[in-house]
Amino acid sequence: MPDSRPHARSAPPLRRLRSLPALLLGAVLPLLAALLLVAPTARAAGLTEVTGFGSNPSALRMYLYVPANVAPRPAVLVAVHYCTGSGPAFYSGTEFASLADRYGFVVVYPSATRSGGCFDVSSPQALRRDGGSDPVGIRSMVGWVQQHYAVDSGRIFVTGASSGAMMTNVLLGDYPDVFSAGAAFMGVPFGCFATTDGSSWNSACANGTVSRTGPQWGDLVRGAYPGYTGPRPRMQLWHGTEDTTLRYPNFGEEIKQWTDVLGVSPAPVLTDHPQSSWTRTRYGSTGTRPPVEAVSVQGAGHTLPAAGMAAQAIAFFGLDGSGPSAPPTTPPSTPPTTPPTTPTTPPTTPPTAAACRVGFGADTWNTGLTASVTVTNTGGTAVNGWSLAFTLPAGQSITSGWNASYSPASGAVTARNVSYDATIAPGASVSLGYQATHTGNTAAPTGFALNGTPCSLG
């Protein structure tokens, strides 16, 4: 009978890169200096390797960190590394273990053993519950911890970066009854990287050219565990706007997927900026633990700024002592046929003309763009109910938007307020945005007019 006790082993060296991980190398190695990092500190507890932890079709290795002052009935966090990485590297190079010291939760660090150190998020086996490959091994790691420690099985979470972020999406789809929430740093939606030819790389997904409706994405998640009607895990998403490895459009696709899975509107109910380069949106709730939270990091590539990211994920999970992390209300067993929308609140009186200024910016790539629009009321009276008219250049077509409803998708477009941003006080602004495809012309829209009055640009 195999010995299931933890055995300490030294961390294995990083493997030499092969074809697939080489595509991610230049971006993910700086994670050790940029993603969630803190300087290494001495810890009373140490990392141990666990062997014989259960079914493990792809020969993953399991590393475990139990803080010296573990909490009674502790939570469990699964922290999944990037390509070319390892469990020990993710342990020593990220802040999660030091946060475990502070808050008393247990951390599991899976370690991929295939060439290049990437996790399987592509095969048909990986994309269905108990289908085989890496997700089964990681589920076994969680089960081993549940058997050997008096953990709170209602507080099991997963986070990861790059390949680990993709695995975070996969684990929430395969095992919604195991995980309470996930935080994915620079990932792609569940099923986006799927292949059927044995390859583990999906260029269309990596390049951000795979676009589906919310229900289509949601059906991929629901199809991983047919017949499941229980609560679904909450999701926190992070992405840099200049990511050229797993391109930024994947961020919007993830938002569409998880808002649909959790049965909430894809229109954010809160937008703020915890740091100057961060734009955080919350969906379904304005509280600190909404069903879906998304943080876009302006100017960041396939590495993300360090300050506060791990702590933000821990707060989203509810592991920072700020309160319990309750699962969301069970979504309807029959998914909606169209994405839910936030209804437009009609003004009680006809909208009045207003002096206005519009700021516009866009991040573009080969076939698409993400636009940000700021509308400022430069007049002396409040605007109660608004519509912003503008004309898209030929070849551009809006595919999704936030903080406004848009129609039609191309040509002369009108963006109308949603319920929570209908009023613009004198001197105040509202922010809205959209994603669009293009055929080569990435110019800005023209003819901005608020309630029929032309706006200045600036």
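Positions within a chain are numbered from 1, following the residues in the order the chain's sequence is written. The model is predicted, so local features are restricted to residues of pLDDT at least 70 and side-chain atom pairs to those at 80 or more, both for listing and for counting; the totals for chains, interfaces and linings are taken over all residues. Here the side-chain values reflect all heavy atoms present in the structure, with hydrogen atoms and water set aside.

(A) Region of interest: the overall build of the protein. A tally of regular secondary structure across the protein gives 10 helices and 23 strands. Put simply, the protein has 458 residues, and 53% of those count as buried. Taking the intrachain contacts of the protein between residues at least 6 apart in sequence as the baseline, contacts between residues at least 24 apart amount to 74%. Here the Shrake-Rupley method, with its probe set to 1.4 Å, supplies the accessible areas, and only the displayed protein chains count as covering residues. Of the roughly 17400 Å² of accessible surface on the protein, a fraction of 54% belongs to carbon and sulfur atoms. Numbering goes from the N terminus for both helices and strands, where a helix is a DSSP run of H or I of at least four residues and a strand is a run of E of at least two. Classification of residues uses two cut-offs on accessible area relative to the type maximum, computed with a 1.4 Å probe and protein chains only: under 20% is buried, over 50% is exposed, and between them is partly exposed. Any two residues whose heavy atoms approach within 4.5 Å at even a single point are treated as in contact.

(B) Broad picture of the sheet that holds strand 15 (residues 387–391). One open sheet accounts for five strands, arranged 17-18-15-21-22; its pairing is antiparallel. The open sheet is flanked by strand 17 (405–407) and strand 22 (453–454), the only strands paired with a single partner. In this description, strands pair whenever DSSP reports at least two bridges between them. One ladder, built from two bridges, connects strand 21 (residues 446–450) with strand 22; its direction is antiparallel. Following the sheet pairing, A449 is matched in strand 22 by P454.

(C) Highlighting the nonpolar core. To qualify as a nonpolar core, a set must consist of buried Ala, Val, Leu, Ile, Met, Phe, Trp, Tyr and Cys residues joined through side-chain atoms within 4.5 Å. One finds M62, V145, F179 and F193 to be the most contacted residues of the largest nonpolar core, which totals 57 residues. Beyond its immediate sequence surroundings of up to four residues, F193 is in contact with V121, S122, M166, V188, S200, W201, N202, C205, A206 and L246. By size, the runner-up hydrophobic cluster in this structure holds 35 residues, among which are F90, Y109, V297 and F317.

(D) Fine view of the packing of aromatic side chains. Only Phe, Tyr and Trp rings take part, Trp by its six-membered ring, and two of them pair if their centres are within 6.5 Å. Stacked means planes under 30 degrees apart, edge-to-face means over 60, and tilted covers everything else. For the structure on display, the rule yields 14 aromatic pairs. Arranged with centres 4.7 Å apart and planes meeting at 20 degrees, the rings of F157 and F317 form a pair that is stacked. Of this pair, F157 sits in strand 6 (residues 156–161) while F317 sits in helix 10 (residues 309–317), and the two are 160 residues apart along the sequence. Clustering of aromatic rings is evident, with ring pairs tying together Y65, Y91 and Y109. R234 extends its terminal NZ or CZ atom over the ring of F316, reaching a point 4.3 Å from the ring centre. Geometrically, a lysine NZ or arginine CZ counts as sitting over a ring once it is within 6 Å of the ring centre and also within 35 degrees of the ring normal.

(E) Just the pairing of strand 4 (residues 76–80), in detail. Counting buried positions over the five residues of strand 4 gives five, a clear majority of the element. Bridge count between strand 4 and strand 6: five bridges; the pairing is parallel. Note that in strand 6 the partner of A79 across the bridge is T159.

(F) Spatial organisation of the pairing of strand 6. Within strand 6, six of the six residues are buried, which leaves it mostly tucked inside the rest of the structure. Side chains I156, V158 and G160 project from strand 6 onto one buried face, and the interleaved F157, T159 and A161 project onto a second face that is buried too. Inspection of the sheet shows strand 6 paired to strand 7 (residues 181–185) by five bridges, in the parallel sense. Note that in strand 7 the partner of V158 across the bridge is G182.

(G) Just the environment of T414, in detail. Along the chain, the position of T414 falls in strand 18 (residues 412–416). T414 gets classed as buried once you look at its relative accessible area, which sits at 17%. With 10 residues separating them in the primary sequence, T414 and A404 have C-alpha atoms 9.4 Å apart. In contact with T414, other than residues within four places in its own chain, are S387, L388, A389, S405, Y406 and S407.

(H) Local environment of the state of the cysteines. Two cysteine sulfur atoms make up a disulfide if the distance between them is within 2.5 Å. Taken as a whole and assessed by the stated rule, the structure comprises three disulfides. With its sulfur 1.8 Å from that of its partner, C83 forms a disulfide with C118. On the S-S bond that ties C83 to C118, the torsion sits near 125 degrees, and the link is right-handed. Of this pair, C83 sits in the loop between strand 4 and helix 3 (87–93) while C118 sits in the loop between strand 5 (106–111) and helix 5 (134–148), placing them 35 residues apart in sequence. For the pair shown, C83 and C118 are each scored as buried. Disulfide pairing is shown between C192 and C205; the S-S distance is 2.1 Å. Taking the torsion about the sulfur-sulfur bond, which here is approximately 125 degrees, the covalent link between C192 and C205 counts as right-handed. Taken together, the residues span a long stretch of sequence, with C192 in the loop between strand 7 and helix 7 (203–206) and C205 in helix 7 at a distance of 13 residues.

(I) The environment of Y91, seen in detail. Position of Y91 relative to the elements: it lies in helix 3. The spacing of Y91 and V80 is 11 residues in sequence and 9.6 Å in space, taken between C-alpha atoms.

(J) Representation of the packing of helix 5 against helix 6 (residues 163–174) in the model. In contact at an axis separation of 10 Å, helix 5 and helix 6 are set at 75 degrees when each is read in the N-to-C sense. The orientation of helix 5 with respect to helix 6, classified from their angle, is roughly perpendicular. Of the residues in helix 6, those touching helix 5 at D134, P135 and I138 are M167, V170, L171 and D174. Residue polarity is assigned by list, with Asp, Glu, Lys and Arg as charged and Ala, Val, Leu, Ile, Met, Phe, Trp, Tyr, Cys and Pro as nonpolar; anything else, Gly included, falls into the polar class. Here the contact of helix 5 with helix 6 is built from residues that sort into five nonpolar, no polar and two charged. Here, axes are lines fitted to C-alpha atoms. For helices the fit covers the stretch in contact, and angles between N-to-C directions go from 0 to 180 degrees. For classification purposes, angles smaller than 35 degrees are called roughly parallel, those larger than 145 roughly antiparallel, those between 65 and 115 roughly perpendicular, and all remaining angles oblique.

(K) Inspection of unusual backbone geometry at higher detail. The linkage connecting S407 with the following residue, P408, adopts the cis geometry, with an omega of -15 degrees. The residue P408 is located in the loop between strand 17 and strand 18 in this model. One non-glycine residue, T84, lies in the positive phi region at around 75 degrees. For T84, the position within the fold is in the loop between strand 4 and helix 3. Judged by its relative accessible area of 3%, T84 is buried. Of note in this structure, M186 is not a glycine but carries a positive phi near 65 degrees.

(L) View of the pattern of salt bridges. Any carboxyl oxygen of Asp or Glu within 4 Å of a side-chain nitrogen of Lys or Arg constitutes a salt bridge here. Across all of its chains, the model carries 10 salt bridges by this definition. Here R129 ties to D177 by a salt bridge, and the two come within 2.8 Å at their closest N and O atoms. With R129 in the loop between strand 5 and helix 5 and D177 in the loop between helix 6 and strand 7, this residue pair connects regions lying 48 residues apart in the sequence. Judged by relative accessible area, R129 falls into the partly exposed class, the value being 22%.

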